[in-house]
Amino acid sequence: NFLFLCGGYYSYDKPYMPSFPNQDQFQGNLIHPQFWDESMDYTNKKVIVIGSGATAVTLVPAIAEKAEHVTMLQRSPSYVVSAPGEDSWSNALNKIFPTRLTYFLIRWKNVLRTSLGFYLSRKYPAKVKERLINMVRDELGDDFDVEKHFTPRYNPWDQRMCLVPDSDLFNSIKDGQASVVTDVIDRFDEKGIFVQSGELIEADIIVSATGIEINALNDIEVSVDQIRVEPHNKLSYKGMMLSGVPNLAFSFGYVNASWTLRADLTCEYVCRLLNQMDKQGVTTCIPEEDPNAIVDDEYIDFTSGYVQRALDKLPKQGKKSPWRQYQNYLKDIFLVRLFSIKDSTLKFYNPK
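Residues numbered from 1 in each chain as written. Predicted model: local features only at pLDDT ≥ 70, side-chain atom pairs only at ≥ 80, totals over all residues. Heavy atoms only, no water.

## Observations regarding the overall build of the protein
- Tallying secondary structure elements over the protein gives nine helices and 20 strands in all.
- The dimensions of the protein, computed from C-alpha atoms along their principal axes, are 70 × 55 × 40 Å.
- Counting across all 352 residues of the protein, residues that qualify as buried make up 44%.
- For the protein, contacts bridging at least 24 residues in sequence account for 70% of all contacts bridging at least 6.
- Carbon and sulfur atoms provide 50% of the accessible area of the protein, an area that totals close to 18,900 Å². (Helix = DSSP H or I, 4+ residues; strand = E, 2+ residues; numbered from the N terminus. Buried < 20%, exposed > 50% of the residue type's maximum accessible area, 1.4 Å probe, protein only. Contact = heavy atoms within 4.5 Å. Areas by Shrake-Rupley, 256 points an atom, 1.4 Å probe, with all protein chains shown as cover.)

Spelled out as structure tokens, the structure:
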């Protein structure tokens, strides 16, 4: 009689697919990566990948290995950072320590490094931005227009950063297998895409890496006493339960670190919660509504399009615990893993 939703945070049936002017005129294949056709052959084909997010920067170098040429067409740039595909620290420590200890050390090294990077980005955005852009210049050289194609309009970590392993995206661009066009789509054509500058980008295949659609409660219609639960009208309790909704938890990971760090904590908490209910001999738990909570509408402090499109679907959060999701693993270890399950907000009972 406890519902734990672990289906992720986006719709598996409906990706974000904008309608482009005259897209029916295009005579090639138009595909969204969420419904990728494994049988599609892009060998020696001209491919356009629309987008600048994680999916786009992953697809471009992979497709470029076989395609004639791949164009990454973006309306505006994202932060793109290269990192080694293998962790050199891990390889070195594995020669000295047992695997389990090495895993523990490397995991915490990555946790602390990510947390520090996020903190510095919010504290010193201009300096971090300059550093990130200079790293791209080092990859692509002074002749490449980094200012136009890889300098975002927003500060670091206002949106998620894109990580490319072993500089594969940059290598594809330097080798001439791929290129970047930063412009606005004017219309589709039978041969490709016209951008507002007047240029026609020819293509045999167009990949619309335009993002996801966030959903809430895994597209399940949850109701209490025949009244449908609307998450946006509820406060999020510890980032995993909803105010006024009994026996319901959901897994929602971090947006500024590894998703699974928060998912792990959530699973631990739910197990602790179920054990506590057994210990007390109760069947029901519920975070009480708090009329005095100061509400902050933005469940996720991100400017990404997929987040902004979903603000009316996501729960609300408060200014402080337990109604706030801090996006901070170190803080959540105490709030979720170590602090007592029993607090003044979470009520336990047996229904009459």
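Still more ground to cover, so stick around.
## Description of helix H4 (residues 125–140)
- Taking 1.5 Å as the rise per residue, H4 with 16 residues should run 22 Å; its terminal C-alpha atoms sit 23 Å apart, in good agreement.
- Along H4, the residues classified as buried are Val-128, Lys-129, Leu-132, Ile-133, Val-136 and Leu-140. In a view along the axis of H4, the buried residues occupy a sector of 130 degrees, so they form one face of it. Turned more than 90 degrees away from the buried face of H4, the exposed residues are Lys-127, Glu-130, Arg-131 and Asp-138.
- Packed against the buried residues of H4 are strand S5 (80–83), helix H3 (99–123), helix H5 (146–149) and helix H6 (168–174). (Expected span 1.5 Å × (residues − 1). Arc of directions from axis to C-beta.)

## Section: unusual backbone geometry
- Residue Pro-322 is bonded to the preceding Ser-321 through a cis peptide linkage, with omega at 5 degrees.
- Mapped onto the elements of the fold, Pro-322 is located in the loop between strand S19 (317–318) and helix H9 (329–338).
- Even without glycine at this site, Leu-217 takes up a positive phi of about 60 degrees.
- Positive phi outside glycine occurs at Asp-225, with the angle close to 55 degrees.

## A few points about a nonpolar patch on the surface
- A cluster of nonpolar side chains, contributed by Ile-96, Phe-97, Leu-101, Phe-104 and Leu-105, occupies part of the molecular surface with about 460 Å² of accessible area.
- Mapping Leu-101 onto the fold places it in helix H3.
- Accessibility expressed as a relative area gives 36% for Leu-101, which makes it partly exposed. (Patch = residues over 30% accessible without salt bridge, like charges linked within 9 Å, V, L, I, M, F, W, Y side chains within 5 Å. Salt bridge = Lys/Arg side-chain N within 4 Å of Asp/Glu carboxyl O.)

## Looking at the packing of aromatic side chains
- All chains considered together, the criterion is met by 15 aromatic pairs.
- On the basis of an interplanar angle of 80 degrees and a centroid distance of 5.5 Å, the ring pair of Tyr-9 and Phe-252 is categorised as edge-to-face. With Tyr-9 in the loop between strand S1 (3–5) and strand S2 (29–31) and Phe-252 in the loop between strand S16 (248–250) and helix H7 (259–280), this residue pair connects regions lying 243 residues apart in the sequence.
- The exposure class assigned to Phe-252 is buried, which follows from its relative accessible area of 6%.
- Centroid distance Tyr-9 to Trp-259: 4.7 Å. Interplanar angle 35 degrees. Geometry classified as tilted. (Phe/Tyr/Trp six-rings, centres within 6.5 Å; stacked < 30°, edge-to-face > 60°.)

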